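# Structural description and commentary
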Amino acid sequence: RAVAEYLSRDLPYMISHDDIFLTCGGSQAIETVMSVFGQAGVNILLPMPGYPKHEAHAVFHRMEVRHYNLLPERGWEVDLEAVEALADGNTVAIVITNPNNPCGSVYTYEHLAKIADIASKLGILVIADEVYGHLVYGTTPFVPMGVFGETVPVITLGAISKRWAVPGWRLGWIATCDPKGILRKTKVVDSLRSFVSIISGPATFIQGAIPHIIKNTNDEFYNNIVKLLKETAEICYDAVNEIKCITCPHKPEGSFFMMVKLDVSQLPDICDDVDFCSKLAKEESVILLPGKSLGMGNWLRITFASEPPTLKQGLERVKSFCRRHQSQAN
């Protein structure tokens, strides 16, 4: 009930406790949804780059994965034309992540409305991973996909791990944002309830704390986290702009990640992003995620969820590494 009331604050309608399914963190929410929809012959639309667990659970549950591109030149917006071309009669859903991991983008109201319209036209639902909800610090406000529940059925995934900074507490949720009741009529809600009843849920004492956490967390707490993320995003973006072989097409506005393009032509002894990250780890003890693991070769994902002094030190090491390997071209 507390989660339903919390989510309803940002929606044009109320959802009830019957629309909420509690899970052991956001990861189990993903697993549960993919389990419910997974069967041989169906396909699901996932973003590229995207969060690997979406694809891992979809494939495990026998779904065909079809990737649509996020467009860096448009602030990592969804390639809407590609979505229409990819979908067919066996497509069950499109997954979006907003605010975005790994790109750090935040979708506008207008772009989300277009996604809802296309999903409605295609007869598919939207699975909205909003684990980073409200962690925004740019010019674009966070808009829940559930706002468009009258247009298309939306299943929202969330958790307390990011906004409240307690990832080890392992409490997430699935919310059906569907004022027209389509998910009930098609027995999706029944399937979610059945699946949740046979898996282990979040610890009861954490569940007991949730009403107090939601009610008693003040704006100062939220604002301090967003302020810190804004500061570290600026530090990271400015540092990347000083590195010749790395470019960031879009300044992050949400979550705590950014995707940057790696120009390996400037690094003669490095062949690709995996080689770059391996050598960086060995030589500088700094860990970046190679874009290949997210479906984007010769890109890198950088996280800036660190204290500013630590982040600055890590970025200085990346700069030093790049200068050293660039000098070998001369």
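None of these values were measured; they are calculated from a predicted model. (Residues numbered from 1 in each chain as written. Predicted model: local features only at pLDDT ≥ 70, side-chain atom pairs only at ≥ 80, totals over all residues. Heavy atoms only, no water.)

### Topic: the side chain of D19
Residue placement: D19 occurs in the loop between α1 (2-8) and β1 (20-23). Using a relative accessible area of 13% as the deciding quantity, one classes D19 as buried. Within polar-contact distance, the side chain of D19 engages the backbone nitrogen of S16 at 2.8 Å. (Helix = DSSP H or I, 4+ residues; strand = E, 2+ residues; numbered from the N terminus. Buried < 20%, exposed > 50% of the residue type's maximum accessible area, 1.4 Å probe, protein only. Polar contact = N/O pair within 3.5 Å; in protein donor to acceptor, adjacent residues only side chain to side chain.)

### Details of the domain arrangement of the protein chain
Domain boundaries assigned for the protein chain yield domain 1 (1-216) and domain 2 (220-328). Between the C-alpha centres of domain 1 and domain 2 there is a distance of 28 Å. Contacts between the two partners involve 28 residues from domain 1, matched on the other side by 24 residues from domain 2. Buried surface at the junction of domain 1 and domain 2, both sides included, amounts to about 2,200 Å², of which 64% is carbon and sulfur. On the domain 1 side of the interface with domain 2, the three residues burying the most area are W76, P102 and Y137, jointly 30% of the side's total. Here domain 1 is connected to domain 2 by zero salt bridges. At the boundary of domain 1 with domain 2, the tally comes to twelve residue pairs in polar contact (both at pLDDT 80 or more). (Domains from an automatic or database assignment. Contact = heavy atoms within 4.5 Å. Buried area = accessible area lost by both parts, 1.4 Å probe. Salt bridge = Lys/Arg side-chain N within 4 Å of Asp/Glu carboxyl O.)

### Some thoughts on unusual backbone geometry
Cis rather than trans, the peptide bond between M48 and P49 has omega equal to 0°. Within the secondary structure layout, P49 lies in the loop between β2 (43-48) and α3 (52-60). The omega angle of the peptide bond from N98 to P99 is -10°, so this bond is cis rather than trans. Here P99 is to be found in the loop between β5 (91-97) and α5 (109-122). Phi is positive for A165, which is not a glycine, with a value near 60°. For A165, a relative accessible area of 49% corresponds to the partly exposed category. At N298, a residue that is not glycine, the phi angle is positive and equals roughly 60°. Its location among the elements puts N298 in the loop between β11 (289-290) and β12 (299-303).

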